[in-house]
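Tertiary structure, described
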Amino acid sequence: MTYKGYKYRAYPTKEQAEFLNQNFGCVRLLWNKLVSAFHSWSPVGPNPFVSEKTLKNNPEYDFMNDVISYALQQKRIDFDETKKQYFNKKRKVKIGKMKFKSKHSNRDSFKIPGQALGYNSCIDFEKGSIKLTKMTPMKLVIDREFSGRLISVTVSRNPSGQYFVSVLVEEEIELKQNTGRSIGIDLGLTHLGILSNGLKFQNPRWFRESQAKLKKAQQHMSRKTKGSNRRNKQRLKVARIYQKITNQRNWFHHNLSSWLVDNFDVICMEDLSVKSMIKNHSLAKSISDASWSSLASMISYKSNWYGRTFHKIDRWYPSSKTCSCCGVKAEEMNMSVREWTCSSCNTHHDRDTNAAQNIRNKGLADLYSLTSDELADYRRREEVRPEVELPRASSMKRLVDLY
Ligand SMILES: [Zn+2]
């Protein structure tokens, strides 16, 4: 059994949207009250006890009784869990102090456990709607149905004012059939992904393209009086441009990662510390543009679902200078050298494809502790496999270059 998420666009009516907004507000208020009580805790006391119940019983917060109580309850449970993790000494990565949620973040959500909604029965696939507590069925665009058991429902609103329903489902996922193929990926800037089989995926610099547009819109916004209606309108425009960039990027990453998981059993990639590279300012824009880490995480969780192996190799492995055929290391190589010939075995290399092949070789060696002879044998066997299919989406095909 695996957990899988599905996200649907929701179209609440005006009244429904108002009710959802009320829920976002109350959940945020509860969180902030819990955080404030946590921060003001003193060992000498007395410390007030805060929970969704104490707020509901307080006449000042009577309106808390109008919203979905499961959403409030869930938020308090989430807070308790965060608190537990905050004090957890065994955690490798420490979590920071709980922060207040701002009303102006424009990104809001609340979660309801599936049990409170009668599990799957709350969603009507035929009509395309979801029934939450205390409100009439809300319209959903259901592009994909799910078969597993519904664990939780999260309702959210993005900065552009669009509503979404995300469901977490416990599902039996059929593992993909073995293809007998493995692949190495070298991450780059002109090409987002260079594959060991000679395919190169262009880096669609959507961010750059939309950037001029975004800059203009932001300038317009800064000229408008704070808190004014016109500024608010402009803020929405800026948010929509951001949204578009995010959507395009996600589309590309989803297509590429699904294609990789469809076609290869073992996927090897460099473990890039993107953060340390972002410090270099000239590269920063392009890197955040490519957002490698988002791609890597998609490949990682999809590999998990479908029984593929995703392996990250050491960050400082000299992948571009080593000959992928004989393993001999070449002399210092300038970044401008795009092609070279190995002085030992005479193989002609494309710099990036060779790096990707090394990444794959290193990955296979790590995973199966293969000797160089075994590796050569493995690669010979792989070479006779049928060609991989190119991505089906034609808009995706346009982004592929062949070495
Ligand atoms: Zn060589």
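The coordinates are above.
Every chain is numbered on its own, with residues counted from 1 as its sequence reads. With the structure being a predicted model, the display of local features is reserved for residues of pLDDT at least 70 and the display and counting of side-chain atom pairs for 80 or more, all residues being used for whole-chain, interface and lining totals. Side-chain metrics rest on all non-hydrogen atoms present in the structure, leaving aside hydrogens and water.

**Considerations on the coordination of the zinc ion**
- Note on donors: an N, O or S atom is included if it sits within 2.8 Å of the metal, or within 3.2 Å for Na, K and Ca, and water is never included, so sites can look incomplete. Within the protein, the zinc ion binds to Cys-323 (SG), Cys-326 (SG), Cys-342 (SG) and Cys-345 (SG); these donor distances fall in the range 2.2 to 2.3 Å.
- Note on geometry labels: four donors, all angles 85 to 135 degrees, give tetrahedral; four donors become square planar and six octahedral when opposite donors are over 155 degrees apart and every other angle is between 65 and 115; remaining cases are irregular. One can describe the donor arrangement at the zinc ion as tetrahedral, given that its four donor atoms subtend angles of 107 to 112 degrees at the metal.
- Each donor residue of the zinc ion lies on one chain, and together they are spaced C-x2-C-x15-C-x2-C.
- To sort residues, take the accessible area from a 1.4 Å probe on protein chains only and compare it with the maximum for the residue type: under 20% means buried, over 50% means exposed, and anything in between is partly exposed. Look at Cys-342 and you get buried, because its relative accessible area is 3%.

**Section: the sheet that holds strand β1 (residues 2–11)**
- If DSSP finds at least two bridges between two strands, the strands pair. Strands here are runs of E lasting at least two residues and helices are runs of H or I lasting at least four, both read from the DSSP assignment and numbered beginning at the N terminus. What the seven strands build is an open sheet, ordered β2-β6-β7-β1-β5-β4-β3; its pairing is antiparallel. Each edge of the open sheet carries a strand with a single partner, namely β2 (108–113) and β3 (123–124).

**Some points on the pairing of strand β8 (residues 182–187)**
- With respect to burial, β8 is a largely interior element, six of its six residues being buried.
- As paired elements, β8 and strand β9 (residues 191–195) share three bridges and run antiparallel to each other. Across the sheet, Leu-187 pairs through a bridge with Gly-193, a residue of β9.
- With antiparallel pairing between neighbouring strands as the criterion, β8 and β9 make up a hairpin whose turn holds three residues.

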